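An overview of the molecular structure
Listed below are the residues making up each chain.
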Amino acid sequence: MFHLRVAGIRTCSLVLLVVLSITVAVRADAEDPNDPAVLTLDRIFTGEEFEFESFGPARWLKDGSGYTTVEKSETCDDGKDIVRYDPQTGDREILVSAERLTAPGESKPLEIDNYIWSPDGKKLLVFTNTKRVWRENTRGDYWVLDLDSGDLKKLGGDAEESTLMFAKFAPTGDRVAYVCKRNIYVQDLESMRTKKLTTDGSDRIVNGTSDWVYEEEFRLRDGFRWSPDGRFIAYWQFDTAGVEEFVLINYTDSLYPKLTRIQYPKVGRKNSACRVGVVGAGGGATRWFAVKGDARNNYIPRMDWVGDTNKIVIQQLNRLQNTNNVMVSCVDKDMLGQVRPSRPRVMIVERDDAWVDVHNDLKWLGGAASFIWTSQRDGWRHIYRIHPDGGKTQLLTPGDFDVISVESIDEADGWVYYIASPENPTQRYLYRSALDAGGMTQRVTPLDQAGTHSYDISADAKWAFHTYSAFDKPAVIDLVRMPGHERVRVLEDNSAYRAKIAALNRPACEFFRVDIGDGVELDGWCVKPPDFDPQKKYPLLIYVYGEPAGQTVLDKWTGKNEKQLWHWMLAQQGYIVASVDNRGTPAPRGRQWRKCVYRQIGILASADQAAAVRQLIKKWTFVDPERIGVWGWSGGGSMTLNAMFRYPDLYRTGIAVAFIANQRYYDTIYQERYMGLPDDNEEGFRDGSPITFAKQLEGNLLIVYGTGDDNCHYQNCLALTNELIKHNKYFSMMSYPNRTHAIKEGDNTRRHLYGTMTTYLGKNLPAGTRPNAKL
């Protein structure tokens, strides 16, 4: 028998300490687990008490006559009907009953994960039996229901179960195209014969979908597009030869380890060669668009057909991602019937001294004579109307504010609808501006509904599904009439969920701004204990993300993702929990705000965060400066490490989850976008990486990782572990076998994860109050 010593404590003693800590941490659970006012780990993470009801999936009908949605069947157990509603009257009609979605020989109907109507509305495509591909369930089985005949047919012929991806009707409605095992197929719905359009799909060649890094960083999953007339299919192809493999090791599911190999291009390394081509929908050779430049050192993040024409628009980024060439090509057939794309012609070039954002805001108008485009060329993200042939560019949204996203075009009445928040970067509202550049801008969202609003607007812009929430108000979904925003009816009020929230002993929630000097003010929120007493001192826990990929300071209900309720639980236990958005986060505060972090990710942001905490300690005399904690996930985990290592005098305890310890360990597209290439920014990569400063750790640090994380690799955790050991720094570590970046797979994982973090805080950043000597 032997005893492992950790910081001078025998393992048996360490276990005793852990058990004692857990007893303290879960005492709130043990006191009265049935008290509806008290949040506990079990209530939040076990069972379905805080299940949040959703609406849909709903689809606006193209003819403007109404919408369809999915509802529980009253006649078929475990089944769902697809129903149609008239938005004006509320009249309800079952279009497809659960019984009609029961396959021959089966006793239960198909589970509807998603569905698509054919262009004429006479056929229904159902996506079911889905499986996860990296982030989302994008492969599964597809069935087609003919509403007239009642025939229900499975697509794919003898394809293996759950291997079809991105199936969609041809514009003519008589065929469906899909991807299966990296090849593209077209299936005739009358004969059910299948045509294989590509034949070179393999471990190396990817057709009709994307490689790992395009999916993760450009959100490119569905990689093919039907032409408007149904004659052609345009698609992406990736040649992954030479892209180095990262290996995930599964030690637990078999007697010997299982290896999963991912072609993952790390910073400065070789990318896949990406190209786009077009093939006849009936088969034949693919013709590739003659896009200039090295296919491995340029990116093609977006491609689509131009309105109802036979033209293709392609967006090409250089490797530094500071130049976007938007080009167009015509597609037709020659005299021999062969597909012939023209040489792409550049329409516009978007440049930025830092990076160019890839977006989905390109919308065609007027028979493809002009298009809507968003750009930050004047320092704010604005909407422009561009006439490519005449070279005319019109600014549609003048003013010192950012457009966040384009939502809809009402060309008939001459409006573009978009999300913005000129007065408060933590909120989101619907606006509209005139398409004729007359300068008329109107807020559509009512003034008395402060918070965050999102919309799914009908094709004719007469109706919208509207979702409204605020930081302390769970979401309500209703149907509104546009453009007056009159509520017609509530679609989902989450009444049971809201009642549970209302019964809680709720913390006080507030938003604030903190001045960190040099004219820089940062937005933040905090939650305080329900029995808050400013005459006492409390521990402060900072929740951080801080990178260009996301904001944490939003006036929005986020309780669905569990973090908000956990923060409220901590507040009930005596913590003040706060979050601050540093410069470089994607807040609508202008280009300079977002892009001043270029080539210094992790450096400026962590300095902003530390400056904000110092100011809060000065301003909030009820905060105990000896009990300052910080925690974050992914980029927030990296930020936590930078906080703990770079500012050891400020932060006492940190919890870093699924972090990047060394920026060179992350992927090409994300890290190079914000940092440049490592050869010309060696100092930035070094100083922005937390591992560089690990030797400065003084406080309590818990690092948490899933060993099956395909995004931020477990390599980061082990490399940091080695560095901390090298400098004789003691820390705590929790690894979750085979869990991904989400750390949610497997029984009880989330309960255990948040229990571990709660326990660690209880031991190293104890809750409770102390007398405030300053008052």
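Below: a short report on this structure. Since the model is a prediction, treat every value here as computed from it, not as a measurement.

What counts and how
- Residues numbered from 1 in each chain as written.
- Predicted model: local features only at pLDDT ≥ 70, side-chain atom pairs only at ≥ 80, totals over all residues.
- Heavy atoms only, no water.
- Core = buried A, V, L, I, M, F, W, Y, C linked by side-chain atoms within 4.5 Å.
- Buried < 20%, exposed > 50% of the residue type's maximum accessible area, 1.4 Å probe, protein only.
- Helix = DSSP H or I, 4+ residues; strand = E, 2+ residues; numbered from the N terminus.
- Contact = heavy atoms within 4.5 Å.
- Salt bridge = Lys/Arg side-chain N within 4 Å of Asp/Glu carboxyl O.
- Patch = residues over 30% accessible without salt bridge, like charges linked within 9 Å, V, L, I, M, F, W, Y side chains within 5 Å.
- Areas by Shrake-Rupley, 256 points an atom, 1.4 Å probe, with all protein chains shown as cover.
- Pairing = 2+ DSSP bridges.
- Right-handed = clockwise from strand over helix to strand, strands pointing away.

**Regarding the nonpolar core**
Counting residues in each nonpolar core, the largest one holds 96 residues, and the members touching the most others are Tyr214, Ile314, Phe645, Tyr651, Phe659 and Leu720. Take this core: its biggest share by element is seven residues, from helix H8 (residues 604-619). The residues contacting isoleucine 314, other than those within four sequence positions of it, are Val276, Phe289, Val291, Ile300, Arg302, Met303, Asn325, Val326 and Met327. In terms of nonpolar packing, the next biggest core, distinct from the first, is built from 40 residues, Leu39, Phe52, Leu565 and Tyr736 among them.

**Quick look at the pattern of salt bridges**
In total, this model carries 39 salt bridges according to the counting rule given. Linking aspartate 710 and arginine 135 is a salt bridge whose minimum nitrogen-to-oxygen distance equals 3.0 Å. Within this pair, whereas aspartate 710 is found in the loop between strand E45 (700-706) and helix H12 (714-726), its partner arginine 135 is found in the loop between strand E8 (123-133) and strand E9 (136-146), the two being separated by 575 residues in sequence. Residue aspartate 710 is classed as buried on the basis of its relative accessible area of 2%. Arginine 135 sits in the partly exposed class, given a relative accessible area of 24%. For glutamate 160, the salt bridge is made with lysine 181, and the minimal N-O distance between the two is 2.7 Å. Note that glutamate 160 is positioned in the loop between strand E10 (152-154) and strand E11 (164-169) and lysine 181 in the loop between strand E12 (175-180) and strand E13 (183-188), a separation of 21 residues in sequence. A single salt-bridge network, built from bridges that share partners, covers Asp352, Asp357, Arg591 and Lys595.

**Remarks on a nonpolar patch on the surface**
A cluster of nonpolar residues, Ile249, Tyr251 and Leu259, forms a patch on the protein surface that exposes about 320 Å² of accessible area. Structurally, leucine 259 can be placed in strand E19 (residues 258-263).

**Observations concerning the pairing of strand E43 (residues 623-633)**
One face of the sheet, then the other: side chains in a regular strand alternate in exactly this way. E43 sits mainly inside the fold: nine of its eleven residues count as buried. Pairing of strand E41 (residues 536-543) with E43, which is carried by five bridges, proceeds in the parallel orientation. When the sheet's bridge partners are listed, tyrosine 538 is paired in E43 with valine 623. Looking at chain direction, E43 and strand E44 (residues 653-657) are connected through five bridges and run parallel. Bridging from a neighbouring strand, tryptophan 631 pairs with isoleucine 655 of E44. Handedness of the crossover joining E43 and E44 through helix H9 (residues 635-646) is recorded here as right-handed.

**Some thoughts on the environment of phenylalanine 52**
Structurally, phenylalanine 52 can be placed in the loop between helix H3 (41-45) and strand E3 (59-60). Residue phenylalanine 52 is classed as buried on the basis of its relative accessible area, which comes to 18%. In this structure, the C-alpha to C-alpha distance between phenylalanine 52 and valine 96, residues 44 residues apart in sequence, is 26 Å. Aside from chain neighbours lying at most four places away, what touches phenylalanine 52 is Pro474, Ala475, Asn494, Tyr497, Trp557 and Lys560.

**Some points on the sheet that holds strand E4 (residues 67-72)**
Here we have four strands laid out as an open sheet, ordered E3-E4-E5-E6, and antiparallel in their pairing. Unpaired on one side and paired on the other, E3 and strand E6 (92-96) mark the two borders of the sheet. Both E3 and E4 contribute to a ladder of two bridges, which runs antiparallel. Bridged to tryptophan 60 within E4 is tyrosine 67.

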